[in-house]
Every structure is written in C-alpha cells, then in structure tokens.
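# Coordinates in review
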Amino acid sequence: MPHPFTQQPCKPQEYLVSGWVLAGDRCPKPLRVILRSLVLILWTLACYAAMRAIQLATIGKPGKRKHWAKRLSRRWIRTMRGLFGIRVFGVGHIPEPPFFLVINHHTWVGYFGINDLIDARIVIMQRAASFPFSGMLMQGTDPIVTDRKSENVPVINRELIATIQRKESVLIAPEGAVTPGHMIRRYHAALLEAAVVTGSPVHYATVHWRTPEGCPPPSQSVIYGPDPYVRDASGRLAASELEVWGPERPMLPHLISLLALPHCDMVVRFGPAPIAGKDRITLANALHAASLDIFTPSA
C-alpha cells in the first residue's frame, strides 16, 4: 500500500528570482526616497544616451540594432526593478520557450518585475511606448504596441501569429486594464485569436504583491489606479473605473510611497499546465477560471 503522503500532490514552493534592491532595510526612509529617485533618473538618462549611440552605430544594420537594443533594454529593466525596490518571487515552473502566456495586471510598475522574470514579446500601450526617454527603452524589447482601438485588433493578432510562427514567446494581459489587487477582471478574448489560429496552448500566471510588516499594504503603496487609459467619450476617466478603484489618486504621492518601502515583493504563480481552446471565448473563460484558482489577493 502506498504511503499516504505519496498520494498528495506537492504544492509548488516559492523561490526567489531577483532579490537585489537599492537602499533596502538599513537605509533611512527619506534618504531611500531621494537616493532611489536620483539613481532612477540618472540610470534612465544614461541608458537613453546609450540607445541613441546604438542607433547611430547600427545605421543600415537592422539585425545588429535589434540585438543590441534588446540587450540594453533588458539591462535597463533589470536594474530598474532593483531601483524601485521590487523583489521577484516565483511559484511553479516558468514555461519553456517559446510560449504564449497570459497574466493579470495590477499596476504599472509590474512591467519591470515581469520583464525581469521572463523574456517575451509583450503587448503594451502606445502611450507607454511614447513616454519621453523610457518609451524608447521599452521599445528596445521589441514589444507589440496597441492603442486599444477595436479596429486595430486584427493587426495585433497578425503580429502575434507571426511571432508565434517564428518560435518566439508572447505575453498578454487580457484584463485590458490595471486592476485592484483583490480581484481579476474577466479576460477579453480578442487577442487570444492568435492562440486559436496557431493551435498554441496558453500558459497562465497570476501576480500578487506584498509589503514588509509595519509598512503600508500594497493597495496603499504599490498598486496604482484607476487605469489612466480607460476613458469615456469626453476624455474623462470612465465611471466604471472609478467604481472599481474609488477616487483618482495623484501619481507623485503614490511614487513616493513606493520608493519609501524597504522593498516590495511581486509573487508570480504559474499554472500547472497550459490550456488549449478551439474558440477564443471558451479559451478566455477557461483561462480566467484557472487563474482565479491560483490567485492570491493582495491586501
């Protein structure tokens, strides 16, 4: 008779992926905010200048430009993660590339954590890719840029399909907007058409955040909303966003609260197996249900 413990599935253990942070626990809070702010700006400006140099040095050499731009951008991202004070933990196995991965999305700063953890073409907003200085460095990772207009969905799907056919990994956040840490919105099906067309099983992962004992919870210091891109016809924040998030919050106090933390933890939990689907709506619903099964809310 088998030992009873052998009949129980082993729960995946949490493991540290990236732990270095600038000005951690031993640094006084005011100095931490000042030091991190200064180094964040200087690091971004230095990488921006290096990217310009790469562009000049690789005129007429698109392959070399893409290679060196991506190396620089990923170095910028990895360092920015530590400068923001983010530690990245994993639970479960990162999919073997090439993969199609969906993930929930709580806050803008998660960009640095997830891109430090995995290497994939990620769908990002046009406005993010157009930010001064940082936008050029984001574009160095060869993202798939969207403006959230429904008429451009076929264009994005064609690019996703071409990426999959080249045996490259892709990552999307199918909620379509950042979400408070206690929930996952329903998954939109539009960009899952690429997985259906190519017959690609879709991996899934969820993110939750935590802060050290005695510090403000993630909802007050790390997670930021409402989503600035979700607006109504008049250009104002959509009422649905205000209903989910509450009143709009200014960016500067949020950024100071984030930088004041000794560290914050981004925990990425990967699903045990990918999910395949014959139509995008069924696939989206299955991925959403499976994601809820492994999701840990952030306080």
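First, a word on what this report is: a plain description of the structure on this page. (Residues numbered from 1 in each chain as written. Predicted model: local features only at pLDDT ≥ 70, side-chain atom pairs only at ≥ 80, totals over all residues. Heavy atoms only, no water.)

### Details of the nonpolar core
Side chains of a nonpolar character, in soluble globular proteins, are inclined to be buried together. The biggest cluster of nonpolar side chains holds 51 residues, and the ones touching the most others in it are W76, F84, W209 and V268. With residues near it in sequence (within four places) discarded, F84 still touches R36, L40, W108, V109, F112, L255, L258 and L259. (Core = buried A, V, L, I, M, F, W, Y, C linked by side-chain atoms within 4.5 Å. Buried < 20%, exposed > 50% of the residue type's maximum accessible area, 1.4 Å probe, protein only. Contact = heavy atoms within 4.5 Å.)

### Points about the side chain of H254
Tracing the sequence through the fold places H254 in helix 10 (residues 251–260). H254 sits in the buried class, given a relative accessible area of 5%. Apart from the residues within four sequence positions on either side, H254 is in contact with W108, S221, V222, I223 and Y224. (Helix = DSSP H or I, 4+ residues; strand = E, 2+ residues; numbered from the N terminus.)

### What about the pattern of salt bridges?
For the coordinates displayed, the defined rule picks out 12 salt bridges. Among the ionic pairs, D142 bridges to K66, the shortest N-O distance being 3.3 Å. Here the residue D142 occupies a position in the loop between helix 5 (134–139) and strand 5 (144–146), and K66 occupies one in helix 2 (residues 62–83), the gap between them amounting to 76 residues. The partly exposed category is assigned to D142, whose relative accessible area is 23%. The exposure class of K66 is partly exposed, given its relative accessible area of 45%. Among the salt bridges present, the one from R185 reaches E241, with a minimum N-O distance of 2.8 Å. Linking R185 in the loop between strand 6 (170–172) and helix 7 (193–198) with E241 in helix 9 (residues 239–245), this pair joins segments that are 56 residues apart in sequence. Neither residue differs from the other here; R185 and E241 are each classed as buried. (Salt bridge = Lys/Arg side-chain N within 4 Å of Asp/Glu carboxyl O.)

### A word on the packing of aromatic side chains
For the coordinates displayed, the defined rule picks out five aromatic pairs. When the centroid spacing of 4.8 Å and the interplanar angle of 80 degrees are considered together, the rings of Y48 and F133 count as edge-to-face. Of the two residues, Y48 sits in helix 1 (residues 29–57) while F133 sits in the loop between helix 4 (126–129) and helix 5, which places them 85 residues apart along the sequence. Residue classification places F133 among the partly exposed residues on the basis of a relative accessible area of 39%. Centre to centre, the rings of F84 and W108 are 5.4 Å apart; their planes meet at 85 degrees, and the pair counts as edge-to-face. On the criterion of sequence distance, the pair formed by F84 in the loop between helix 2 and strand 2 (86–91) and W108 in the loop between strand 3 (100–103) and helix 3 (110–117) is long-range, its members being 24 residues apart. Residue classification places F84 among the buried positions, given a relative accessible area of 5%. Following the ring pairs from residue to residue traces out a cluster consisting of W76, F84, W108, Y111 and F112. R210 extends its terminal NZ or CZ atom over the ring of F89, reaching a point 4.9 Å from the ring centre. (Phe/Tyr/Trp six-rings, centres within 6.5 Å; stacked < 30°, edge-to-face > 60°. Lys NZ or Arg CZ within 6 Å of the ring centre and 35° of its normal.)

### A word on the sheet that holds strand 3
Strand order in this open sheet of eight strands is 1-2-8-7-3-6-4-5, and the pairing throughout is mixed. Of all strands in the sheet, those bounded by a partner on one side alone are strand 1 (14–18) and strand 5. Ignoring which end each strand starts from, the neighbouring axes of this sheet average 30 degrees apart. Summarising the sheet, strand 2 and strand 8 (residues 264–270) pair through six bridges and their orientation is parallel. Residue pairing for strand 8: G90 is matched across the bridge by V268. (Pairing = 2+ DSSP bridges. Axes fitted to C-alpha atoms, helices over the stretch in contact; angles between N-to-C directions.)

### Examining helix 1
The end-to-end C-alpha distance of helix 1 is 42 Å, a good match for the 42 Å that 29 residues give at a rise of 1.5 Å each. All of the buried residues along helix 1 are R32, V33, R36, L40, T44, C47, Y48, M51 and I54. In this fold, the buried residues of helix 1 make contact with helix 2, helix 5 and helix 10. (Expected span 1.5 Å × (residues − 1).)

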